[in-house]
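Observations on chain architecture
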Amino acid sequence: MTKITYRNSSIAAIVLLFLLLSPLQNKIDLQRKQMGFEQRLLLMPGQITGSLILGGFKGLAADLLWLQVEELFHSGQSYKMLPILRSVTFLQPKFVTPWAVGGWHLSYNISVMVKDHPEQEKAWIQAGVDFLKEGISYNPERYDLYFELGWTFFNKVKNYAEAVKYLELACKFPRPDYIDDALAHAYEKNGQIDRAMETWKEIINSGNSFSPTAVRMLHNLKTYGSTIVPEKK
Amino acid sequence: MVKAIVIAKNTFQEALRMRSYQIILVFALLLLGSSQLFSFLTPVEQLKMIKDVSLSGIEFFSALMAILASMTALRSEFETNTISTLLSKPLKRSDFILGKFLGMALVTTLGVVIMSVVFIGLILFKQHSFEISLFSALFLIWAEMLVIIAITLAVAAFASTAFTLIFVFFLFLVGHLTSYGFSLSGEMKNPVLQVIIKFFYNIIPNFENFAIRDQVVVGGTIPITYLLKTFGYGIIYTAIALIVCLYFFRYREV
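Residues numbered from 1 in each chain as written. Chains lettered and ligands numbered in written order. Predicted model: local features only at pLDDT ≥ 70, side-chain atom pairs only at ≥ 80, totals over all residues.

With that out of the way, let us pick up the interface of chain B and chain A. Opposite the 39 residues of chain B that make contact, chain A presents 32 residues. Contributing elements (two or more residues each) for the side of chain B that touches chain A: helix H3 (43–79), helix H7 (161–185), helix H9 (213–216) and helix H10 (224–250) of chain B. The biggest single contributor to the side of chain B that touches chain A is H10 of chain B, with 13 residues. Looking at side-chain class alone, the side of chain B that touches chain A contains 20 nonpolar, 11 polar and eight charged residues. (Contact = placed C-beta atoms within 7 Å. Helix = DSSP H or I, 4+ residues; strand = E, 2+ residues; numbered from the N terminus. Nonpolar A, V, L, I, M, F, W, Y, C, P; charged D, E, K, R; others polar.)

Below is the structure:
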């Protein structure tokens, strides 16, 4: 084979292979989009995390940032945590822990710092709720953030209707035993006593680790009309 | 083909004896072990850290091994002039290149397997189970390394050692960023620029295709169709790079 013929055959083979590659890349891109692989680039120049991100090691960068969040919280610098939390969730939206912990920091720890200013306290609690809702949009197929949001509504916001809504959603997915117990309590607080009793009966029938608690709760509800035993005078 | 296998075997043995290969492997194993230092985190976070550090480490150090070993495998033959002796024998240049590629693929596979065994051991020690999806991540890392080996050989066939090293590392970095560039081009109003970006997006190897770490470390599953498509992409790109390598090597004076 002459040099020119070999060159032309090589070029033809390369062009043909690239023509095969292009539609395959399109199919891969489509499937990545369906699987939720978002193309997110967080530019943080001058830091190790920035270099890691550029090198394609987003997960590792998110972990390093997450370590910083832990350090800032334990050193009392709660406000500084916020942009870093945002970066972690931006880099790895499927990493549920930062959403859950972030929501907790906003609704509980930061709001308590401004408890003398009711408007600000309410705003921080709402910020936590919104943060958790955003986390749910990226992780709709897991119980975790539905439970966190439901619990925040139950325990902090005292909006039992919303608590029931999110705890019911949490119960649609594989979950630990305490979720059903939390839902039963939310039903009770929301005035849905029949649903509360039904849920505790289901817990008893399932024989899970909360069955003994459910037996007690059901007994208290039937006897005293509340799960809390009144104090003896 | 038999001659290619002989070259592959020889390349494999030489690469194993390379100090740089052994040192990189030791550092990789140290990094994998160092993920144990995060015991102050909750068990869930610690596991995620182990998976992130380990998979990133396996990919990075495998790439380093693949690039250095492949570059040395070819360049050393030119620099010591042993290639003249080899090619004076009845050995086709295509068999030589194929043998080098297979040898490098074997040595990189061995490195990936050793690191994977340590990684699997760490995970089993921590959580007493191992998700199948983590094997998918390891498989795609290995497929990515085949592409990197082929590209390194292609560049080493005509360029100097320094240029090969810088170029392939740069390509490794850019290959992880092309997806971002392409997604940004959707915002552009200039159709000519969009076409140019699309052209480069299809030419430059997209290493992000092989990056499924972020999904698997948080418990996601990867469909087999995705693995097959991405592996197919890797094989086609490897073939392109080897054709380029063969072209430059075929008429190179030795």
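Generally speaking, soluble globular proteins have nonpolar side chains that are buried together. Counting residues in hydrophobic clusters, the biggest one holds 126 residues, and the most contacted among them are Leu167 of chain A together with Ile148, Ile149, Ala150, Leu153, Ala241 and Cys245 of chain B. Setting aside residues no more than four positions away along its own chain, Cys245 of chain B makes contact with Ile97, Leu153, Ala154 and Ala157 of chain B. (Core = buried A, V, L, I, M, F, W, Y, C linked by C-beta atoms within 7 Å. Buried ≥ 20, exposed ≤ 12 C-beta atoms within 10 Å, placed from the backbone.)

Attention shifts here to the packing of helix H1 (residues 3–34) of chain A against H10 of chain B. Where H1 of chain A contacts H10 of chain B, the two axes come as close as 9 Å, and the packing angle between them is 160°. Comparing their axes, H10 of chain B and H1 of chain A come out roughly antiparallel. Considering how the two elements wind past one another, H1 of chain A and H10 of chain B form a crossing that is left-handed. Here the residues of the contact of H1 of chain A with H10 of chain B are counted per class, giving 18 nonpolar, five polar and four charged. (Axes fitted to C-alpha atoms, helices over the stretch in contact; angles between N-to-C directions. Parallel < 35°, antiparallel > 145°, perpendicular 65-115°, else oblique. Left-handed = near helix turned anticlockwise from the far one by under 90°.)

Turning our eyes to something else, we now look at helix H10 (residues 193–206) of chain A. Residues and elements named next belong to chain A. Taking 1.5 Å per residue, 14 residues should reach 20 Å; H10 reaches 20 Å between its end C-alpha atoms and fits that length. Listing the buried residues of H10 in full gives Ala196, Thr199, Trp200 and Ile203. The arc that holds every buried residue of H10, seen down its axis, measures 95°, which confines them to one face. Relative to its buried face, H10 has exposed residues pointing more than 90 degrees away, namely Asp194 and Asn205. Looking one or two residues beyond H10, the residue adopting positive phi is Gly207, at roughly 70°. (Expected span 1.5 Å × (residues − 1). Arc of directions from axis to C-beta.)

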